[in-house]
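Survey of secondary and tertiary structure
Now for the letters of each chain:
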Amino acid sequence: MPIVAAAPPQHLTTPGSFDYVTVDTVNRRVYAAHTGGAQLLIVDADRGKILGLVTVGPTHGVAVNPASGHVYAGIGSDPSTGDDTGAVSEIDPVTMKEVNRVTVEGPVDAIAFDPKLHQIYADEDDGTRIFVIDSLTFKEIGSIALPGKKPEYIQVDSKTHQIYQNLADMSEIAVIDPHTLTMWRTIPTPEIQNNHALQFDAPFNQLWVLGENNKLSIYSDTGKLLQTIDFPTRVDQCSLDATRQLFACGGDGQLTLVQYDGKHAPAIVGQTAIPQGVHTLAIDPQTGWIWIVWGDAKRAFVQPFVYSGPAAPIHSPS
């Protein structure tokens, strides 16, 4: 399959597992939540060089403010102390220091940022809320009640500012009004069990959702089911490159790529073996590099891969 390593794996100085990964396309950085090391990993997206690790606590979600270049990290519970409170941290990747922190009432998992509204959304790990932080004052301005008890991945539509939150225990996607901070409807995904990966495809106004029952579906933003295909592996976080319409997922020791031309059913266009510990990744839409991370109690690594196959013709939605 046409997926190759773009560079050898790099060894981190701190061992441990990872959670969410994201790419800052403006400031050319890759960020990974190094949960096991209680750190944020910072990598140069163009040179592939590890720039540093910032210790902030058990990190899970990561989001970027493209204007300031600062990074927002969701801090979860600390099993070593039994502390169940969470926080959202603001990190300056240039000085490699935490510059702001706000404590919230529960551990944080995924986070998303809306730069127009200056709002950070941090969902409660195995909880019933999304904590909302004003990025200018760095204070909590409210919380959003959720019907489920297992929020998994969160996305923001940059045009409408609607928030989409996976509800893994309900097989639904919550749709949230960012102005009233209330959920106004849900999108049922009955063919998906234990919703994990969720991506908003802005050019097509569509949602990609993948469950642990090896099903991948595409929904319109109005909630209409458009496509469903079988998926070969169980995954956690996936990443969508909307420019190439490539959807990348890592899990069960495989890196899998799906492409969708906006007209036909999504198709698996590449698959290659990767370490078993990989369950999160991110695509850099500028270079096409797919950044994976993995680790255990003794080691930790980061490595980029790239898809070298032909691009599918992309059609406008009908």
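All values derive from a computational prediction rather than experimental measurement.

Quick word on the packing of aromatic side chains
For the coordinates displayed, the defined rule picks out nine aromatic pairs. An angle of 15° between the planes, with centres 5.5 Å apart, marks the rings of Y164 and F200 as stacked. Of the two residues, Y164 sits in strand β16 (residues 163–167) while F200 sits in strand β19 (residues 195–201), which places them 36 residues apart along the sequence. Per residue, the accessibility class of Y164 equals that of F200, and both read buried. Judged by centre distance (4.8 Å) and plane angle (25°), the ring pair of W208 and F247 falls under stacked.

A look at the state of the cysteines
The full count for this structure, using the stated rule, is one disulfide. Disulfide pairing places C238 opposite C249 at an S-S distance of 2.0 Å. As the torsion about the S-S bond is roughly 115°, the C238-C249 disulfide counts as right-handed. You can see C238 sitting in strand β23 (residues 238–241) and its partner C249 sitting in strand β24 (residues 246–251), a full eleven residues away along the chain. Looking at C249, the relative accessible area reads 0%, which means it is buried.

Focus: the side chain of Q199
Structurally, Q199 can be placed in strand β19. Q199 gets classed as buried once you look at its relative accessible area, which sits at 8%. Of note is the side chain of Q199, whose polar atom sits 2.9 Å from the backbone nitrogen of L240. Residue contacts for Q199: discarding those within four places in its chain leaves Y153, Q155, Q206, L207, W208, C238, S239, L240 and F247.

Examining the sheet that holds strand β6 (residues 50–55)
Reading across the sheet, the four strands line up as β3-β4-β5-β6 and stay open at both edges, with antiparallel pairing between neighbours. Taken across any chain shown, the strands that pair with only one partner, and hence form the sheet edges, are β3 (21–24) and β6. On average, each strand axis in the sheet is inclined to that of its neighbour by 20°, with strand direction left out of account. Relative to strand β5 (residues 39–44), strand β4 (residues 29–34) is paired through six bridges, and the arrangement is antiparallel. Opposite R29, over in β5, you have D44 as the bridge partner.

Cut-offs used in this document
Numbering of residues starts from 1 in each chain and follows the order in which that chain's sequence is written. Thresholds applied to this predicted model are a pLDDT of at least 70 for local features of residues and 80 or more for the giving and counting of side-chain atom pairs; totals over whole chains, interfaces and linings are not thresholded and use all residues. Side-chain numbers come from the whole structure's heavy atoms, not from hydrogens or water. For Phe, Tyr and Trp, where Trp contributes only its six-membered ring, two rings pair if their centres lie within 6.5 Å, and the inter-plane angle classes them as stacked under 30 degrees, edge-to-face over 60, or tilted in between. Strands are runs of DSSP state E lasting at least two residues, helices are runs of H or I lasting at least four, and both sets are numbered from the N terminus onward. Classification of residues uses two cut-offs on accessible area relative to the type maximum, computed with a 1.4 Å probe and protein chains only: under 20% is buried, over 50% is exposed, and between them is partly exposed. The term disulfide is used for any two cysteine sulfur atoms that are within 2.5 Å. N or O atoms within 3.5 Å of each other form a polar contact, as long as, within protein, one can give a hydrogen and the other can take it, and as long as residues adjacent in sequence are counted only when both atoms are side-chain atoms. By the convention used here, residues are in contact when the closest approach between their heavy atoms is within 4.5 Å. Whether two strands pair depends on DSSP finding at least two bridges between them. Every axis in this analysis is a line fitted to C-alpha atoms, fitted for helices over the stretch in contact. Angles between the N-to-C directions lie between 0 and 180 degrees.

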